[in-house]
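Next come the chains, spelled out residue by residue.
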Amino acid sequence: MELSINDVCFSYSSVPVLHDVSFKLSGNELVSILGPNGVGKSTLIHCINKILSPTSGTVLIDGKDVSEIKLKELAKQIGYVPYSANDSFPLSVIDTVMIGRHPHAKWGTLDSDLDMVYDTLRMLGISHLAMRAFNELSAGQHQKVMLARGLVQEPDILLLDEPTSNLDVRHQLDVTKMLRRLSREKGILIVMISHDINIAAKYSDKVILMHEGSVYSIGTPREVITAENLRTVYGVTAEITDDDGAPHVILKDALPMDEEEEGLPSPASSGHASAQTS
Amino acid sequence: MILDSAAVKGQYKSGNRKRVVWTVAFVLLAIALFLVTLGFGVFKISLVDAVKAFFDHLLGNEVDPRVDEYIWNTRVPRAIGALITGAGLSIAGVVMQNDFKNPLAEPYTMGISSGAFLGATLGIILNISVIPFVPSGSMVVANAYVFSLIPVAIIALFSKFRKLTPMSMILTGIAVMFLFSSISQILMVTAPSESMADAYSWRVGSLDRVRWDAVPMMLASTVVLSVVLYMFARRLNVMYVGDRSVKTLGENPMTIRLVTMVLASLLTAGIVSYTGTIGFIGLVGPHVARIFVGSNNRYLIPASAAFGAAFILFADTVAKVSGINGLPVGVISAMVGGPLFMWILIRQRKNVWA
């Protein structure tokens, strides 16, 4: 499975968000996308799974342009776990996760589907929530249920938008570690947006650092996460130490805000545009 | 406590069996109320005699022709009308609430009732038929049917030109509703008093008008559309996850929304054109069913239909014995249903919607 992004540009009406994004990723990896707010991380993910169509450029899966793949077929190849702010609906956890089986829906697969759902819940340590109502759960539990939904979809590529943002530190470590293991065991490509540089650095095979709507640096955590890059992209000073071969960031201070940043697409403008595209 | 796979599966399946049991219970309740309502009306016929007359007619036995005439030609079609109305409007309610992820959505959300009413008033007050060559007896029904679909058509048309969010679709429906209502109001104030009374009685909704001639159309439309909508149950479940995620699960949310919305509108139109706008059940039927069977549409749709049918049969029975010559069921269903629903909301421990 090869995912190839070629010169992708995207604008919300006239506000450019992504420009000339290009990179190639292939199977069995955990890849983290890092970058400041509003840099276009979610937009990039949405261009990959056809929630949005790039203004120009192409996204290819094994050489095939996603714009030519039907939604139904694409759903078997790419799974997506959205950033869950307040998604809430009145189903049981088990029924919620079962929705992830929809692209593979056939008659008479209830038992095998239930087995898969159970195993996934078990792996995430939430099998005891199976019969609970989804909207009675905490934000962290929601996130794990959504993750389970993405996993039972059995995609070749799994895209995750801040999958651990609502989890406590232990579960952040646990889930990220598990994602890396899954990429190996199931031979899938997992791409996640992250705001925790250290956890991303510790477990990711590759890191994509985004800056002003394009890829600033891509490579192993050691190559990408440098004091200099963080200074440019995030506007922070930091000291990088070594943690078992992975870079570990100790944040020192924020640089003073400069005028240039006003020109960046703000989260408010992308929120507005998303209302039109959903 | 960690449950093993078999235990979870067992619990899941037994949960689903309970949902089926509740649905069957509602169906049995509806059947019982169907028979009970035959015993009530303006003329006093005992319940036993009425039910006997019904079965005798079915079995081809001798019946007192006066009783037979009255039970078979007046009360039976009316009871069938009640059953169809409750079931159909509840299903339309489930679909609307699901499509718009909004617990306040109901069959009339898209302006269907105001459209139907405008069509009816045009016929009743101005004697205008929108479809040429319709016999005068069917004019009001035909008008109401055609007009009830206009708001939905407008929304569907809008969505071709620009991307409408579910919320802007509802707002468009409301805008059309106000427009149509104001036109109806103008017609009402300028109308002679007897046709105004007719228009008003149409507005509140009544099963008085349902006779055998109405049953085939109502029944066929409701059965066919309900079955088709039930085939969307699985896709309607997928709609719960929100439009973006729906796409990544291989479905186009806007297509599902538009198609099911149009089907639900046709379903509603096929009923209200005959009965007038009976409110409340389309909103409350699904919510009550939700409390018993949850929100998985595979169970929610049939359970809502069965509960809705039972509820309107009950409300119409009350309506028939109220006042001197009976009251419109539209009034009674809200009067009985309002307090019932409030009681359920207070009693309910868990939040069934969101």
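Trainee: I would appreciate a short explanation of the overall build of chain A in the present structure.
Mentor: Looking only at helices and strands, chain A has 10 helices and 12 strands in total. A burial count over chain A gives 44% of its 278 residues as buried. For chain A, contacts bridging at least 24 residues in sequence account for 65% of all contacts bridging at least 6.

Trainee: Mind showing me how you'd approach the sheet that holds strand E2 (residues 15–26) of chain A here?
Mentor: Note: strands within a sheet are paired through backbone hydrogen bonds, in either parallel or antiparallel orientation. All names here are of chain A. Strand order in the open sheet made by the four strands is E2-E1-E4-E5, with antiparallel pairing throughout. Two strands bound the open sheet, and with one partner strand each, they are E2 and strand E5 (64–65). Where strand E1 (residues 2–12) meets strand E4 (residues 56–61), five bridges bridge the pair, whose relative direction is antiparallel. Bridge assignment links Leu 3 to a residue of E4, and that residue is Ile 61. Strand contacts of helix H1 (residues 41–48): E1, E2 and E4, with the helix running at about 60° to E2, the strand carrying the most contacts.

Trainee: Looking at this model, I keep getting lost on the packing of helix H9 (residues 215–230) of chain B against helix H12 (residues 253–275) of chain B. Mind explaining?
Mentor: Helix-helix packing is described using two parameters, namely the angle between the two axes and the distance between the axes. All names here are of chain B. The contact between H9 and H12 brings their axes to 9 Å, and the two run at 160°. Between H9 and H12, the angle falls in the class roughly antiparallel. As for how H9 packs across H12, the hand of that crossing is left-handed. For the pair H9 and H12, contact is made by Met 217, Met 218, Ser 221, Thr 222, Leu 225, Ser 226, Val 228 and Leu 229 and by Thr 260, Leu 263, Ala 264, Leu 266, Leu 267, Gly 270, Ile 271 and Tyr 274, respectively. Looking at side-chain class alone, the contact of H9 with H12 contains 11 nonpolar, five polar and no charged residues.

Trainee: Looking at this structure, how should I read the pairing of strand E7 (residues 157–161) of chain A?
Mentor: A regular strand carries its side chains on alternate faces of the sheet. Residue and element names in this part refer to chain A. Burial analysis of E7 places five of its five residues in the buried class, the great majority of the element. Alternating positions in E7 separate into two faces, Ile 157, Leu 159 and Asp 161 on one and Leu 158 and Leu 160 on the other, with burial throughout. In the sheet, strand E6 (residues 78–81) pairs with E7 via four bridges, with the strands oriented parallel. Across the sheet, the residue bridging to Ile 78 is Ile 157, located in E7. For E7 and strand E8 (residues 189–193), the ladder comprises five bridges, and the chain directions are parallel.

Trainee: Would you mind showing me how to read the interface of chain B and chain A here?
Mentor: When the parts of a complex come together, some accessible area is lost, and that lost area is often taken as the interface size. Facing 34 residues of chain B, the contacting portion of chain A comprises 36 residues. Those elements that place two or more of their residues in the side of chain B that touches chain A are helix H1 (5–37), helix H10 (233–239) and helix H11 (243–248) of chain B. In terms of residue count, H1(B) provides more of the side of chain B that touches chain A than any other element does, six residues in total. Residue composition of the side of chain B that touches chain A, grouped by class: 12 nonpolar, 14 polar and eight charged.

Thresholds, definitions, all that
- Residues numbered from 1 in each chain as written.
- Chains lettered and ligands numbered in written order.
- Predicted model: local features only at pLDDT ≥ 70, side-chain atom pairs only at ≥ 80, totals over all residues.
- Helix = DSSP H or I, 4+ residues; strand = E, 2+ residues; numbered from the N terminus.
- Buried ≥ 20, exposed ≤ 12 C-beta atoms within 10 Å, placed from the backbone.
- Contact = placed C-beta atoms within 7 Å.
- Pairing = 2+ DSSP bridges.
- Axes fitted to C-alpha atoms, helices over the stretch in contact; angles between N-to-C directions.
- Parallel < 35°, antiparallel > 145°, perpendicular 65-115°, else oblique.
- Left-handed = near helix turned anticlockwise from the far one by under 90°.
- Nonpolar A, V, L, I, M, F, W, Y, C, P; charged D, E, K, R; others polar.

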